Amino acid sequence: MPLPDSSRIQFTSDLRICRVLNGMWQVSGGHGAIDRERALQSMFDYLDTGFTTWDLADHYGPAEDFIGQFRRELVATRGVDSLSAVQAFTKWVPRPGTVTRRLVDDSVEVSLRRMNVDRLDLLQFHWWDYSDPNYLDALTYLAQLQDEGKIAHIGLTNFDTEHLKRVVDHGIKVVSNQVQYSLIDRRPEVQMVQFCQELGIQLLTYGTLGGGLLSEKYLGQPQPIGSTLNTASLSKYAQMVESWGGWALFQELLVALKSISERHGVSIANVAVRYILDRPTVAGVIIGARLGISDHREDNVLVFGLALDEQDREQIEAVLRDSRDLYQFIGDCGDEYRR
Ligand SMILES: NC(=O)c1ccc[n+]([C@@H]2O[C@H](COP(=O)([O-])OP(=O)(O)OC[C@H]3O[C@@H](n4cnc5c(N)ncnc54)[C@H](OP(=O)(O)O)[C@@H]3O)[C@@H](O)[C@H]2O)c1
């Protein structure tokens, strides 16, 4: 079933992407054993459904190699032109410390080679420690590599508003920031969204399904603990739910989402994703894909036919009003990585 036109957005002048991106953290370990052949077959299935855009990172286990192999198999079976349908957004997450041009060159070369591309569509840069100002050098070198044609676009991930501003003021052309953004975690709405709107920077979001917690599977269920949180993603977002307001309030949210989803004939996950896709400056929602293990493509397609109305949004707000202000509790986007 081809996805509708509304599933796509002109992300940059040269990149038209699917607004639901396939997240590859889930192949990096901690989410079940990945079988390479099944994963590769699954990547073809995603492409054929219209989910053409991948989010990955240098440290997501074999993710960059999977993109490389996927591209080789695409050329072998469908011809070189078929490559133009695929977009792959990787990340560079260097260790804190001095960053030399050589280090940046070498790191980008590794990603280019692994992904089997001449140029990275988008390189999203992460930095662990703002007290170490070397990130501005790193970004300057990345911009040089962009001028040399090795990188098409520079993005950031988990930057807070203050440091995103510093990067922009340093003269770096940033097209996107990848942040946690969901019905549970609405910290981007405090400062980030408005700043990005003013500068034309787009958000790519993760955690939007809370690792799967925002689905029928957890409606009416006791709080998952211990080994029932069987992916790294579930553990991560179970903690967010705890900070946000706890399991009882989360159940109230699921009940509200269920009634909205029934009105529209869709799933809870569809409502959770649509809500974020409708927020200003959000270019896309990244949904984690456990390639070859689970597959929610058919359901996620329905996001694009869903239009939430005022009544839906008010019903959601009525629950969210009782939640804790995570901006006060944790800080701005990405601060949870820097405590
Ligand atoms: N920049 C960063 O720091 C950062 C951090 C985290 C993630 N990310 C990116 O974001 C991606 C998303 O990962 P995430 O950890 O945030 O996970 P997520 O997208 O919130 O959750 C993914 C899980 O949701 C479930 N799911 C998907 N569609 C569903 C549907 N229609 N109905 C019910 N359940 C559904 C699946 O669970 P089952 O497989 O169990 O069925 C899937 O594994 C990552 O792969 C990565 O690319 C980036």
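What you see is a predicted model; the values in this text were computed from it and never measured. (Residues numbered from 1 in each chain as written. Predicted model: local features only at pLDDT ≥ 70, side-chain atom pairs only at ≥ 80, totals over all residues. Heavy atoms only, no water.)

Undergrad: Before we go on, may I ask you to explain the pattern of salt bridges in this structure?
TA: Pairing of side chains with opposite charge becomes possible as their charged atoms draw close. Inspection of every chain in the model, using the stated rule, returns 21 salt bridges. Among the ionic pairs, Arg101 bridges to Asp105, the shortest N-O distance being 2.8 Å. Linking Arg101 with Asp105, this pair stays in helix H3 (residues 101–115), spanning four residues, or about one helical turn. Given the relative accessible area of 24%, Arg101 is considered partly exposed. Classification of Asp105 as partly exposed rests on a relative accessible area of 23%. When salt bridges with common partners are traced through the structure, they connect Glu64, Asp65 and Arg114 into a single cluster. (Salt bridge = Lys/Arg side-chain N within 4 Å of Asp/Glu carboxyl O. Helix = DSSP H or I, 4+ residues; strand = E, 2+ residues; numbered from the N terminus. Buried < 20%, exposed > 50% of the residue type's maximum accessible area, 1.4 Å probe, protein only.)

Undergrad: What should I look at first to understand the packing of helix H2 (residues 63–78) against H3 in this one?
TA: Relative placement of two packed helices is described by the angle separating their axes and the distance separating the axes. Relative to each other, H2 and H3 sit at 45 degrees, their axes nearing to 6 Å. When the axes of H2 and H3 are compared, the pair comes out oblique. Between H2 and H3, the residues in contact are Ala63, Glu64, Asp65, Ile67, Gly68 and Arg71 and Ser111, Arg114 and Met115, respectively. Split into classes, the residues belonging to the contact of H2 with H3 amount to three nonpolar, two polar and four charged. (Axes fitted to C-alpha atoms, helices over the stretch in contact; angles between N-to-C directions. Parallel < 35°, antiparallel > 145°, perpendicular 65-115°, else oblique. Contact = heavy atoms within 4.5 Å. Nonpolar A, V, L, I, M, F, W, Y, C, P; charged D, E, K, R; others polar.)

Undergrad: Where do I start with helix H7 (residues 232–244) in this structure?
TA: Side chains three or four residues apart in an α-helix point the same way, a direct result of the helix having 3.6 residues per turn. The end-to-end C-alpha distance of H7, which contains 13 residues, comes to 19 Å, matching closely the 18 Å that a straight helix rising 1.5 Å per residue would cover. All of the buried residues along H7 are Ser233, Leu234, Lys236, Tyr237, Ala238, Met240, Val241, Ser243 and Trp244. Packed against the buried residues of H7 are strand S8 (174–180), strand S9 (202–206), helix H8 (247–264), helix H11 (310–320) and helix H12 (326–329). Downstream of H7 by a residue or two, Gly246 has a phi angle that is positive, lying close to 90 degrees. (Expected span 1.5 Å × (residues − 1).)

Undergrad: Is there a simple way to explain the side chain of Gln180 in this structure?
TA: The residue Gln180 is located in strand S8 in this model. Polar contacts involving the side chain of Gln180 include one to the side chain of Glu336, which spans 3.3 Å. If near-sequence neighbours (up to four positions away) are discounted, Gln180 is found in contact with Asp185, Arg187, Pro188, Tyr206, Gly207, Lys236, Tyr237, Met240 and Glu336. (Polar contact = N/O pair within 3.5 Å; in protein donor to acceptor, adjacent residues only side chain to side chain.)

Undergrad: Can you walk me through the site of the ligand in this structure?
TA: What surrounds the ligand is a group of 30 residues, the closest being Gln26, Asp55, Ser233, Ser294 and His296. In the model, a nitrogen atom of the ligand is placed 2.7 Å from a nitrogen or oxygen of the Asn300 side chain. In isolation the ligand exposes 920 Å². Once the protein is present, 92% of that is buried. Of all elements in the fold, only H7, strand S10 (282–288) and helix H10 (297–300) reach the threshold of two or more residues within the shell around the ligand. With three residues, S10 is the largest single contributor of residues to the shell around the ligand. (Near = heavy atom within 4 Å. Areas by Shrake-Rupley, 256 points an atom, 1.4 Å probe, with all protein chains shown as cover.)

Undergrad: For this particular structure, what's the right way to read empty space enclosed by the protein?
TA: The gaps left among the atoms become clear once a water-sized probe is rolled over them. A full pass over the atoms with the stated rule returns two cavities of 30 Å³ or more. In this structure, the largest cavity is lined by Gln180, Ser182, Ile184, Asp185, Gly207, Gly210, Leu213, Leu214, Tyr237, Met240 and Val241. Looking at which element gives the most residues to the lining of the largest cavity, the answer is H7, with three residues. Looking at the lining of the largest cavity residue by residue, the class counts come to six nonpolar, four polar and one charged. The calculated volume of the second largest cavity comes to roughly 30 Å³. Forming the walls of the second largest cavity are Asp58, Lys91, Trp92, Ser107, Val108, Ser111 and Leu123. (1 Å grid on protein atoms, 1.4 Å probe; cavity = no way out; pocket = protein on both sides within 12 Å on 5 of 7 lines; lining within 4 Å. Points joined across faces, edges and corners; volume = space filled by probe spheres on them.)

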